[in-house]
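This is what each chain is made of:
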Amino acid sequence: MNPLNEVQWGQDWAWGVPLIALTCVIHILCLAVFTARVDRVLDRMRDRGRHVTLIFSLVMAMAVTLVTTLHILEGGIWALAFRYLDAIPDNRSAMLYSLGALTTYGDTTIHLAHQWKMLGALEAVNGMLLFGLTTAFLFAMIQRVLPPAKR
């Protein structure tokens, strides 16, 4: 008996694709708002001739804090879905599993209910997309904040 024959793939995709879309939209909107605010602050600071290194350090620290918070929030959204679907028995395990899947780190002691296995893989796909967006965002922040002479 092949266990993959027993998995209901349609439900995983029906939950996974909207969750991927939702978390990507949240991620992109938050990054766009942060970028717009940074641009405004940088315009004011550059006019006053402030120290570039200090500005760079503060902006990057805030950006890293923002994206870390976003990844935790997005992992929490997946964890809520796992709990709603009764795919994992408790909140702590759901969050740990979710962050493990989102980062593709994984945890060998926590498993989704058999019928939701594909959903975990879809969260890993989501994590790769979100970390790709995050990498592009952080690179863009470096380009925005550091003047060409300092790069």
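Residues numbered from 1 in each chain as written. Predicted model: local features only at pLDDT ≥ 70, side-chain atom pairs only at ≥ 80, totals over all residues. Heavy atoms only, no water.

### Description of the side chain of Glu-123
Looking at the secondary structure, you find Glu-123 in helix 5 (residues 117-145). Despite being buried, Glu-123 has no salt bridge partner; Lys-117 is the closest side chain of opposite charge, sitting 13 Å away. With residues up to four places along the chain from it excluded, the contact list for Glu-123 reads Gly-75, Trp-78, Phe-82, Tyr-97, Ser-98, Ala-101 and Leu-102. (Helix = DSSP H or I, 4+ residues; strand = E, 2+ residues; numbered from the N terminus. Buried < 20%, exposed > 50% of the residue type's maximum accessible area, 1.4 Å probe, protein only. Lys, Arg positive; Asp, Glu negative; His and termini not counted. Salt bridge = Lys/Arg side-chain N within 4 Å of Asp/Glu carboxyl O. Contact = heavy atoms within 4.5 Å.)

### A look at the packing of helix 3 (residues 52-84) against helix 4 (residues 91-102)
Interhelical geometry of helix 3 versus helix 4 gives an angle of 125° and a closest axis separation of 8 Å. Judged by the inter-axis angle, helix 3 sits oblique to helix 4. Seen along the crossing, helix 3 lies across helix 4 with a hand that is right-handed. Within the contact between the two elements, helix 3 uses His-71, Ile-72, Gly-75, Gly-76, Trp-78, Ala-79, Phe-82 and Arg-83 and helix 4 uses Asn-91, Ala-94, Met-95, Tyr-97, Ser-98, Leu-99 and Leu-102. The class makeup of the residues in the contact of helix 3 with helix 4 is 9 nonpolar, 5 polar and 1 charged. (Axes fitted to C-alpha atoms, helices over the stretch in contact; angles between N-to-C directions. Parallel < 35°, antiparallel > 145°, perpendicular 65-115°, else oblique. Left-handed = near helix turned anticlockwise from the far one by under 90°. Nonpolar A, V, L, I, M, F, W, Y, C, P; charged D, E, K, R; others polar.)

### Things to note about a nonpolar patch on the surface
Among the surface-exposed residues, Leu-54, Leu-58 and Met-62 lie close enough to one another that they form a single nonpolar patch of about 300 Å² accessible area. Structurally, Leu-58 can be placed in helix 3. We classify Leu-58 as partly exposed; its relative accessible area is 49%. (Patch = residues over 30% accessible without salt bridge, like charges linked within 9 Å, V, L, I, M, F, W, Y side chains within 5 Å. Areas by Shrake-Rupley, 256 points an atom, 1.4 Å probe, with all protein chains shown as cover.)

### A few points about the confidence of the model for the protein
Confidence along the protein averages 89 in pLDDT terms, with 88% of residues attaining 70 or more. Mean pLDDT across the secondary structure elements of the protein bottoms out at helix 1 (residues 3-6), with 56, and peaks at helix 4, with 96. (pLDDT = per-residue confidence, 0-100.)

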